[in-house]
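The chain contents come next:
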Amino acid sequence: MSTTQRIGRARARANIALAKYWGKADVERNLPAVPSISMTLDPLTTETSVEPRADLLRDELILNGTPAAAVEVARATQLLDRVRAEAGVHWRARIESQNHFPTASGLASSASGFAALAAAARCAAGLPFDAAATSALARRSSASAARSVYGGYVELPAGLPGDDALAALPLAPVEHWGLCIVVAVTAEGRKAVGSTDGMTHTKLTSPYYDAWVEAAPALAAEVRAGILARDLGQVGRAMEQSTLAMHACALAAAPGLIYFQPATLAAFARVRALRSERRAEVYATMDAGPHVKALCHAADATAVSQALSEVPGVLRTILAGPGPGVELV
Ligand code: DP6
C-alpha cells in the first residue's frame, strides 16, 4: 500500500421519505423520475470502512461480521469502480460494514449503507470530502442513499435522463425542527418485493404510473413548503397523499404489489384516530414494506408510541428524531 492510500471510515444514517421517490427516469444512471424529500434519522446508523489492500484480487465485503452474498459484493464493487476510475487507483479493498440499528428494526439499511460506503471509499482513494460528489455517487447505487449524505431535512430532485451529477440538496438542518418519527414495526409477512424491482414493475405495468409521476412534484413542493414553514399539518397531509399515491400506483401494477399487512392498515387507522380525536397531531407514511412511520412533534412521541404499541400486530416501536449527515470517522 502506498502512502497515499489510507483506510476510509464513515458513518451514515437511515432516512425516511416524507415525499416518496418511486420510479426512474434513467435506469442505467439510476435517476429518479420524481423529486423526493426525507428526514435523516438519528439513531439508525451504519459504519463502514474501506481498506485498500495490495494482496486482494477482488473486493471483499463483510456485512455485520459475515461475508456478504455475491450480489451485494458486486454492488459495492460497482461503486468502488467509479471511485477508482476518478482517483486513478487500482487497488482492491476489504469493506467492513456494521449496522447499528435497534435490534430487528425492520428498516432497510441500503440508504445508510451506500451513503457510508460512498464517503469511506472516496476517503480511501484520497479524494477530498465533497458532499455533492458523495451524494451523486451514493445515488448511483441507491437513489434514497443520496439523501442520507445530508442531515436534517433533505431533497433529491428528479433527474433528467443522462444527468449523472444529480445529487441531493440540504433543505433544512437538524436544528430547524425537532420532529419525531415513530416507527411501528409490524408482523413480518412474506418478503416484500424490493424497491428497485417494485418500481420497475410498476413503471412497466401500472396504468397509474404516469399519473403518479405527474402528481408527485406538487406533493413534494407541499412537503417542502411545510418543512420550511414548520407546519406539521401541511407536511403531514402531503406526506400521506404521497405515500398513498405511490402505493395506489404499485397496487395497480400487474400483478399488483401489496406491501401492506393487516397491521399496517390498523396502525395507519390508529394514526388517523389519534388525529381526529385530537390526542396528537400525527401523520403516517409507508415504504416498500409493511411498517408504518408516524410523524409528530417530539412532545407527542411517547403518546404516539404507546398508542401504536397497542395496535394488534405491531411488534415494537422505534423513536427517531432528525440526525446529522454522513461523517468521516
Ligand atoms: C419506497 O432508493 O431503495 O423507500 O434507487 O432502486 O435503490 P433504488 O431504490 P431505493 O428506493 C426507495 C423507495 C422508497 C421511497 C423513498 O425512500 O423515497
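Residues numbered from 1 in each chain as written. Predicted model: local features only at pLDDT ≥ 70, side-chain atom pairs only at ≥ 80, totals over all residues. Heavy atoms only, no water.

Some thoughts on the domain arrangement of the chain
Where interface size is quoted, it is often the accessible area lost as the parts come together. Looking at the chain, the domain boundaries give domain 1 (8-173) and domain 2 (179-322). Each side of the interface is counted separately: domain 1 has 29 residues, and domain 2 has 40 residues. Taken together, the two surfaces of domain 1 and domain 2 that pack against each other cover about 2900 Å², and 72% of this comes from carbon and sulfur. Among the residues domain 1 hides against domain 2, the three largest losses belong to L18, K20 and W22. Together they make up 31% of the total. Our enumeration of links across domain 1 and domain 2 arrives at two salt bridges. Here E155 ties to R224 by a salt bridge, and the two come within 3.1 Å at their closest N and O atoms. Here domain 1 is connected to domain 2 by eight residue pairs in polar contact (both at pLDDT 80 or more). By residue number, the principal contributor to the side of domain 1 that touches domain 2 is strand β4 (residues 36-53), which donates six residues. Classifying every residue of the side of domain 1 that touches domain 2 by side-chain character gives 19 nonpolar, six polar and four charged. (Domains from an automatic or database assignment. Contact = heavy atoms within 4.5 Å. Buried area = accessible area lost by both parts, 1.4 Å probe. Salt bridge = Lys/Arg side-chain N within 4 Å of Asp/Glu carboxyl O. Polar contact = N/O pair within 3.5 Å; in protein donor to acceptor, adjacent residues only side chain to side chain. Helix = DSSP H or I, 4+ residues; strand = E, 2+ residues; numbered from the N terminus. Nonpolar A, V, L, I, M, F, W, Y, C, P; charged D, E, K, R; others polar.)

Considerations on the pairing of strand β12 (residues 292-297)
Taking burial as the measure, the six residues of β12 include five buried ones, the bulk of the element. Two strands pair when backbone bridges link them, and strand β11 (residues 282-285) and β12 are joined in this way by four bridges, in the antiparallel orientation. The partner of Y283 across the bridge, within β12, is L295. What sits between β11 and β12 in their antiparallel hairpin is a turn of six residues. (Buried < 20%, exposed > 50% of the residue type's maximum accessible area, 1.4 Å probe, protein only. Pairing = 2+ DSSP bridges.)

Re the sheet that holds β12
With antiparallel pairing, the four strands of this open sheet are ordered in space as β11-β12-β10-β13. Edge strands, defined here as strands with exactly one partner in the open sheet, are β11 and β13 (314-320). Neighbouring strand axes in the sheet, compared pairwise and without regard to direction, differ in orientation by 25° on average. Pairing analysis gives six bridges linking strand β10 (residues 179-186) to β12, with the strands arranged antiparallel. Within β12, the position partnered with A184 by the bridge is V292. The sheet strands contacting helix α7 (residues 232-251) are β10, β11 and β12, and the helix crosses β11 at an angle near 25°. Contacts from helix α9 (residues 301-309) reach β10, β11, β12 and β13 within the one sheet, and its direction differs from that of β13 by about 165°. (Axes fitted to C-alpha atoms, helices over the stretch in contact; angles between N-to-C directions.)

As for the packing of helix α6 (residues 209-228) against α7
The description of two helices packed together rests on the angle between their axes and the distance between the axes. Where α6 meets α7, the closest approach of the two axes is 8 Å, and the angle between their N-to-C directions is 160°. As the angle between them shows, α6 and α7 are arranged roughly antiparallel. Our pair here, α6 against α7, has a crossing hand that is left-handed. Judged by residue contacts, Y209, W212, L219, E222, V223, A225, G226 and I227 of α6 engage Q234, V235, A238, M239, Q241, S242, A245, M246 and C249 from α7. Here the residues of the contact of α6 with α7 are counted per class, giving twelve nonpolar, four polar and one charged. (Parallel < 35°, antiparallel > 145°, perpendicular 65-115°, else oblique. Left-handed = near helix turned anticlockwise from the far one by under 90°.)

As for unusual backbone geometry
Of note, the bond from A254 into P255 is cis; its omega dihedral lies within 30 degrees of zero at -5°. In this structure, R278 takes a positive phi of about 55° despite not being glycine. Summarising the element assignment, R278 is placed in the loop between α8 (262-276) and β11.

A closer look at the packing of helix α1 (residues 70-87) against helix α2 (residues 110-124)
Relative orientation of the contacting elements α1 and α2 amounts to 35°, with a least axis distance of 10 Å. In this structure, the crossing between α1 and α2 has a hand that is right-handed. Here R75, A76, L79, L80, V83 and E86 of α1 lie close against α2, whose contacting residues are F114, L117, A118, A121 and R122. Considered class by class, the residues forming the contact of α1 with α2 number eight nonpolar, no polar and three charged.

Re the environment of A111
On the secondary structure map, A111 appears in helix α2. If near-sequence neighbours (up to four positions away) are discounted, A111 is found in contact with N15, S144, A145 and S148.

Things to note about the site of the ligand
The immediate surroundings of the ligand are formed by 18 residues, with K24, S142, S144, R147 and T196 found nearest. Within the contact set of the ligand, an oxygen atom lies 2.6 Å away from a side-chain nitrogen or oxygen of K24. Between the ligand and S142 there is a distance of 2.7 Å, counted from an oxygen atom to a side-chain nitrogen or oxygen. The protein chains hide 92% of the 460 Å² of surface that the ligand would expose on its own. Contributing elements (two or more residues each) for the shell around the ligand: α4 (143-147) and α5 (195-205). Both domains that furnish three or more residues to the shell around the ligand are identified here as domain 1 (8-173) and domain 2 (179-322). (Near = heavy atom within 4 Å. Areas by Shrake-Rupley, 256 points an atom, 1.4 Å probe, with all protein chains shown as cover.)

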